[in-house]
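# Structural description and commentary
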Amino acid sequence: GALKADTEITQLNFSFSGSKALDDDGLHSLISNIPSQLQRVSLDLSACKRLTDASTKNLGIVMGDLPQLASASFNVSRITSIGGSGWKDFGMGLSRSPSLQELILKGITSMDNSGLKDFALGLSKVQSLRHLSLSLNAVRDKHAIGDQGVHGLAEALAAVKQLNRLWLDL
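Worth saying up front: this structure is predicted, and the values here are computed from it rather than measured.

## With respect to the pattern of salt bridges
Under the definition given, this model contains three salt bridges. Where arginine 40 meets glutamate 102, a salt bridge forms, and the shortest distance between an N and an O atom there is 3.8 Å. Taken together, the positions of arginine 40 in strand β2 (residues 40–44) and glutamate 102 in strand β4 (residues 102–106) put the pair 62 residues apart, joining distant regions of the chain. The class for arginine 40 is partly exposed, based on a relative accessible area of 40%.

Below, the structure is given as structure tokens:
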């Protein structure tokens, strides 16, 4: 791919906000060609309604395999087709990351107690993580995340010794 050929790229910022065409296969094609020396990535996928759990799974795997990735920001607002299992797989994919220091997730619309705990369990293995910003205020079912989910998140993140900034918006 064109991105892999350019070994100078260390930062990528993409906005696909509102794309009616971007689907799981298109996103997978894009992220599969991300250069291995990438240090920062920002993807605005808001309102890309054709993305599903498969996208977050692939995104987590690819980002988790980038050896120099220090910062990742994803805007997924207004995507209702990504659920708890997608976020679990995303967290598990990221669990392999050797260098991720900052993770920003904006606009998650579908999450429950179980999904939040499973997502956090994957993140608990990212020992380089220093800053986590998690926006869950757009979750459609306001009763889906309660004490059980927040407790699971806190318990899992307690294992991340480097974490010194946590922003949680419920």
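Let's pick the thread back up.
## Re the sheet that holds strand β3 (residues 71–75)
Spatial ordering of the open sheet is given by β1-β2-β3-β4-β5-β6, a layout of six strands whose pairing is parallel. The open sheet has two free edges, formed respectively by β1 (11–15) and β6 (165–169), since each of these has just one partner strand. On average, adjacent strands in this sheet sit at an angle of 0 degrees to one another, irrespective of strand direction.

## Here's the deal with the pairing of β2
Going residue by residue along β2, you find Val41 and Leu43 tucked away on one face and Arg40, Ser42 and Asp44 left uncovered on the opposite face. Here β1 pairs with β2 via five bridges, running parallel. From the neighbouring strand, serine 15 faces β2, where its bridge partner is aspartate 44. One crossover worth recording links β1 to the parallel β2 by way of helix α2 (residues 24–32), and it is right-handed. For β2 and β3, the ladder comprises five bridges, and the chain directions are parallel. Residue pairing in the sheet places leucine 43 in a bridge with phenylalanine 74 of β3. Between β2 and its parallel partner β3, the chain crosses via helix α3 (residues 53–64), and the hand of that crossover is right-handed.

So, how was this worked out
Residues numbered from 1 in each chain as written. Predicted model: local features only at pLDDT ≥ 70, side-chain atom pairs only at ≥ 80, totals over all residues. Heavy atoms only, no water. Salt bridge = Lys/Arg side-chain N within 4 Å of Asp/Glu carboxyl O. Helix = DSSP H or I, 4+ residues; strand = E, 2+ residues; numbered from the N terminus. Buried < 20%, exposed > 50% of the residue type's maximum accessible area, 1.4 Å probe, protein only. Pairing = 2+ DSSP bridges. Axes fitted to C-alpha atoms, helices over the stretch in contact; angles between N-to-C directions. Right-handed = clockwise from strand over helix to strand, strands pointing away.

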